[in-house]
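# Observations on the three-dimensional arrangement
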Amino acid sequence: MTVAVIRFGGSNCDRDALRALEYLGIDAEIVWHADGLSDDPSGIVIPGGFSYGDYLRAGAMAARTPIIDEVRAAADAGTPVLGVCNGAQIGSESGLTPGAFTTNRSARFQCEPVHLRVENADTPWTDAYEAGEVIEVPIAHGEGRFEIEDDRLAALEDDDRVLFRYCDADGGVTDEANPNGSKHNIAGITGASDTVAVLMPHPERATLPDIAPTGGQGILKAFE
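Anyway, here's the lowdown on the structure attached to this text. As the structure is a prediction and not an experimental result, all values here were calculated from the model. (Residues numbered from 1 in each chain as written. Predicted model: local features only at pLDDT ≥ 70, side-chain atom pairs only at ≥ 80, totals over all residues. Heavy atoms only, no water.)

All right, on to the pairing of strand β6 (residues 110-118) then. As defined by bridge partners, β6 adjoins strand β7 (residues 134-141) across eight bridges and the pair is classed as antiparallel. Each residue of the ladder has a partner; that of P113, found in β7, is P138. Bridge count between β6 and strand β9 (residues 162-167): four bridges; the pairing is antiparallel. What sits directly across from L116, in β9, is Y166. (Pairing = 2+ DSSP bridges. Helix = DSSP H or I, 4+ residues; strand = E, 2+ residues; numbered from the N terminus.)

In structure tokens form, the structure reads like this:
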């Protein structure tokens, strides 16, 4: 069983994701979007980058490619699906998760380490952590601000579908710790099923101990 890491034209974190998964002992392969998925992937990663150059809206064009129909079908069958950064934008554009990601409050691209507080530790993506635990994971995005209508935001909160919030090193969820202006400091959420998740920070860049903190390992261990 192999995790499929989908590559679009403009993806630039597919190899990072592949290397991180392999470091954790998880079998994975890069799949060119036009080739489609294998019959039975054990998981799916939609990685970061700038699919189709982020023309129109970030993730909008990739979300309308045929492979995303296959991703939806796999997700409906219970296959774990993770969208990271541009993959999160694709996930929201395709309806895998609610809300949208738009231009950072700063109106500039930001690449920096951030702290995340684990909000719900009872999901495949977070059961390696404790609720309230703080991890360090980098961001690299220009359109990472999470927006959603107030009633749908309330539903997300009520259903415990918020995985992570931006916070300070002590776990304080403050406006100063919010790098992009996301509503309620939200950094990652699940879909209707908790086997589907999107997040803007990059866990694959916080997995290998020789290059960065390893706070992202627990997220990718959902594919074990």
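This is not the end of the story, as more comes after the structure.
With that settled, the discussion passes to the pattern of salt bridges. Taken as a whole, this structure holds 12 salt bridges when the rule is applied. The closest approach of N and O atoms between R205 and D16, which form a salt bridge, is 3.8 Å. You can see R205 sitting in the loop between β11 (196-199) and α5 (217-220) and its partner D16 sitting in helix α1 (residues 14-23), a full 189 residues away along the chain. With relative accessibility at 26%, the residue R205 sits in the partly exposed group. Each of R117, E119, E157 and R165 takes part in salt bridges that share partners, so that together they form one network. (Salt bridge = Lys/Arg side-chain N within 4 Å of Asp/Glu carboxyl O. Buried < 20%, exposed > 50% of the residue type's maximum accessible area, 1.4 Å probe, protein only.)

Across all of its chains, the model carries one cavity of 30 Å³ or more by this definition. Reported here for the largest cavity is a volume of approximately 50 Å³. Lining the largest cavity are A17, L21, V45, P47, V84, P203, E204 and L220. Within the lining of the largest cavity, the residues separate by chemical class into seven nonpolar, no polar and one charged. (1 Å grid on protein atoms, 1.4 Å probe; cavity = no way out; pocket = protein on both sides within 12 Å on 5 of 7 lines; lining within 4 Å. Points joined across faces, edges and corners; volume = space filled by probe spheres on them. Nonpolar A, V, L, I, M, F, W, Y, C, P; charged D, E, K, R; others polar.)

A separate point is the packing of aromatic side chains. Across all of its chains, the model carries five aromatic pairs by this definition. When the ring of F8 is compared with that of Y52, the centres are 6.4 Å apart and the planes differ by 50 degrees; the resulting orientation is tilted. Of this pair, F8 sits in the loop between β1 (3-7) and α1 while Y52 sits in the loop between β3 (43-46) and α2 (66-76); the two residues are 44 residues apart in sequence, bridging distant segments of the chain. A residue is classified by how much of its surface remains accessible, and F8, at 2% relative accessible area, is buried. Y52 gets classed as partly exposed once you look at its relative accessible area, which sits at 28%. Both rings, one in W125 and one in F223, keep their centres 5.4 Å apart while their planes meet at 75 degrees; by these two values the pair is edge-to-face. Of this pair, W125 sits in the loop between β6 and β7 while F223 sits in the segment after α5; the two residues are 98 residues apart in sequence, bridging distant segments of the chain. When sorted by exposure, W125 lands in the same class as F223, which is buried. (Phe/Tyr/Trp six-rings, centres within 6.5 Å; stacked < 30°, edge-to-face > 60°.)

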